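A structural walkthrough
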Amino acid sequence: MNTVNVNFDNVVGKIKVMHAVNNGPVVAGKDQKRGNELYYKMARIPYARTHDAAFFAGYGGEHSVDISAIFPDFDADVNDPNSYDFACTDVYMKHIDSVGTKVFYRLGSKIEHQIKKYGTHVPKDFKKWAQICEHIIRHYTEGWANGFNYDMEYWEIWNEPDLDPDDSTNKRCWQGTEAQFAELYCVASKHLKECFPHLKIGGPASAGDEAWMTRFLERISKENAPLDFFSYHWYWTDPYDMSEKCTRVRKLLDDTGYKDTETNLNEWNYVRGWVDEFVYSIEQMVGMKGAAFIGACMSTCQKNPAIDMLMYYDARPTGMNGLFDMYTYRPLKGFFTFYAFANIYELKNEVESSTDDKDLYVVASKDGDKKRIMATYYAEDDNKDARRVVIDAGNTDLTNARI
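Described in the following lines is the structure provided in the data block. (Residues numbered from 1 in each chain as written. Predicted model: local features only at pLDDT ≥ 70, side-chain atom pairs only at ≥ 80, totals over all residues. Heavy atoms only, no water.)

**A short note on the sheet that holds strand E13 (residues 390-392)**
Think of a sheet as strands paired side by side through backbone hydrogen bonds, with each pair either parallel or antiparallel. Taken together, five strands build an open sheet; the order of strands is E12-E11-E10-E1-E13 and the sheet is mixed. Bordering the open sheet on either side are strand E12 (370-377) and E13, each of which pairs with just one other strand. Each neighbouring strand pair of the sheet contributes to a mean axis angle of 25°, computed without reference to strand direction. (Pairing = 2+ DSSP bridges. Helix = DSSP H or I, 4+ residues; strand = E, 2+ residues; numbered from the N terminus. Axes fitted to C-alpha atoms, helices over the stretch in contact; angles between N-to-C directions.)

**A word on the packing of aromatic side chains**
The tally for this structure, following the rule as stated, stands at 38 aromatic pairs. Judged by centre distance (5.4 Å) and plane angle (75°), the ring pair of tyrosine 185 and phenylalanine 216 falls under edge-to-face. Remark: phenylalanine 216 occurs in helix H6 (residues 210-222) and tyrosine 185 occurs in helix H5 (residues 178-195); sequence separation between them is 31 residues. Judged by relative accessible area, which is 0%, tyrosine 185 ranks as buried. Centre to centre, the rings of tyrosine 270 and phenylalanine 293 are 5.5 Å apart; their planes meet at 85°, and the pair counts as edge-to-face. You can see tyrosine 270 sitting in strand E8 (residues 262-270) and its partner phenylalanine 293 sitting in helix H9 (residues 288-302), a full 23 residues away along the chain. Neither residue differs from the other here; tyrosine 270 and phenylalanine 293 are each classed as buried. (Phe/Tyr/Trp six-rings, centres within 6.5 Å; stacked < 30°, edge-to-face > 60°. Buried < 20%, exposed > 50% of the residue type's maximum accessible area, 1.4 Å probe, protein only.)

**Remarks on H6**
If you check H6, its first and last C-alpha atoms are 18 Å apart, about what 13 residues at 1.5 Å a residue would give, namely 18 Å. Buried within H6 are the following residues: Trp212, Met213, Phe216, Leu217 and Ile220. With its buried residues spanning 130° around the axis, H6 presents them on a single face. Looking at the packing, one finds that the buried side of H6 touches H5, strand E6 (200-206), strand E7 (229-236) and helix H7 (239-255). For H6, the capping residue at the N-terminal end is aspartate 209, with a side-chain oxygen 3.1 Å from the backbone nitrogen of alanine 211. Following H6 by one or two positions, asparagine 224 has its phi on the positive side, about 55°. (Expected span 1.5 Å × (residues − 1). Arc of directions from axis to C-beta. Contact = heavy atoms within 4.5 Å. Polar contact = N/O pair within 3.5 Å; in protein donor to acceptor, adjacent residues only side chain to side chain.)

**Here's the deal with the side chain of aspartate 357**
Counting through the fold element by element, aspartate 357 comes out in the loop between strand E10 (349-355) and strand E11 (360-367). A polar contact of 2.8 Å, which involves the side chain of aspartate 357, links it to the backbone nitrogen of aspartate 359. Ignoring any residue separated from it by four or fewer positions in sequence, one finds aspartate 357 in contact with Asn2 and Arg387.

**Concerning the sheet that holds E6**
Strands sit in the order E2-E3-E4-E5-E6-E7-E8-E9 around a closed barrel of eight strands; the barrel is parallel. Averaged over all adjacent pairs, the angle separating strand axes in this sheet is 30°, with direction ignored. Where strand E3 (residues 47-49) lies against strand E4 (residues 102-107), three bridges are found, and the strand directions are parallel. When the sheet's bridge partners are listed, arginine 49 is paired in E4 with phenylalanine 104. Strands E4 and strand E5 (154-157) of the sheet are contacted by helix H4 (residues 126-141), whose axis makes an angle of about 160° with E5. In the packing of H5 onto the sheet, the strands contacted are E4, E5 and E6, and the crossing angle to E6 comes to about 160°.

**A short note on the pattern of salt bridges**
Working definition: two side chains of opposite charge can pair if their charged atoms are close together. Scanning all chains against the criterion turns up 31 salt bridges. Across the pair arginine 49 and glutamate 267 runs a salt bridge, and its minimum N-O distance is 3.1 Å. You can see arginine 49 sitting in strand E3 and its partner glutamate 267 sitting in strand E8, a full 218 residues away along the chain. Each member of the pair, arginine 49 together with glutamate 267, is buried. Taking the shortest distance from any N to any O, the salt bridge between glutamate 153 and lysine 102 comes out at 3.4 Å. (Salt bridge = Lys/Arg side-chain N within 4 Å of Asp/Glu carboxyl O.)

**Details of a nonpolar patch on the surface**
On the surface, a cluster of nonpolar side chains totalling about 360 Å² of accessible area is made up of Leu38, Tyr39, Met42 and Tyr339. The dominant element in the nonpolar patch, judged by the number of residues it contributes, is helix H1 (residues 37-42), at three residues. On the secondary structure map, tyrosine 339 appears in helix H10 (residues 333-346). (Patch = residues over 30% accessible without salt bridge, like charges linked within 9 Å, V, L, I, M, F, W, Y side chains within 5 Å. Areas by Shrake-Rupley, 256 points an atom, 1.4 Å probe, with all protein chains shown as cover.)

**Focus on H10**
Count 3.6 residues to each turn of an α-helix, and residues three or four apart come out pointing the same way. The end-to-end C-alpha separation of H10 is 21 Å, in line with the 20 Å expected for 14 residues at 1.5 Å each. Turning to H10, its buried residues are Gly334, Phe335, Thr337, Phe338, Phe341, Ala342, Asn343 and Ile344. Tucked into the core, H10 has its buried residues touching strand E2 (17-22), H1, H9, strand E9 (309-312), E11 and E12. Phi turns positive, to about 75°, at lysine 348, one or two residues after H10.

**Considering the environment of phenylalanine 181**
By secondary structure assignment, the location of phenylalanine 181 is in helix H5. Judged by its relative accessible area of 0%, phenylalanine 181 falls in the buried class. Distance from phenylalanine 181 to arginine 138, taken between C-alpha atoms, is 24 Å for residues 43 residues apart in sequence.

The quantities given are spatial measurements derived from coordinates; they are silent on function.
Have a look at this one:
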């Protein structure tokens, strides 16, 4: 019958952060009046992860965020403010803060697809690398070196160290071995947690290799390394597969003693394939199918206790941005899904909801007399027709519900 059922009398939990993203707004310059900060603020995005920010000149380009950009001479004095170049990153942090979004800071480097690598090499001294990260954190949270006192709680160590195997000839994110990365994580996480016990230190932004994850978790567990949050990535076309991935990762954490560790799927998007199907995939990301996929994933993961936070990749001007046009920065269809979920999130309390069709997805919330529903129809099969959907909310008058 294609029915969505909602029971506003049964509160089942809290609405989670399913609408965080990678990267912040584009603020219009003095010369080119082109930006999206107003729309970004309207979407009420709670967190922006800073990975791959250095690809975009509007964020500061090659001079922003990455450790090699902020601390360009690794042999310099780690305690000397003059060893650091915060200029472009400072502006980017201000822009994110200005729209009411919190920064989720990735410590490390952007992915490097080019033949020569610059920021993804193994640090010469793991302890010194950790101390550099410490001073970056102090700059943005404690005012060190003419810095700031931002509420930046999440600090992530590296990105996708498992993207390429140890014997690869063109490693894109981590030039060292698996064992070297585990050692870096242990050294850095212990140092940073000792310096900032009140902040959340975690990582490693895994590319999703579950065998690698298992070995990594077993290694750092033996070293008693802190892991406040575990981050990983997933790109595919099936929201149910996404949810099952979250369940498996949660079990890996529990099995290795990290039962209190938050789970953060902090890169995800619609990708049917990275080679022959990639052009098709990015065409869908920016259209109606991509917008429906976003809603389906948000709804599915909201109902799965195995995942704590989702962060969409990417809000940066790129072909993988389904929220804002990469040329005009105007809203795309995916923006309105984020806007809809922000309205769900605003009411805080999730209520019971379900559907009788695997292609239908729903999430609903309430706060007192305010009631809202987000229903999504998503199918990977492009030949499926549109369908009529009935929303049954029992005795609740849907006149004042936001659907």
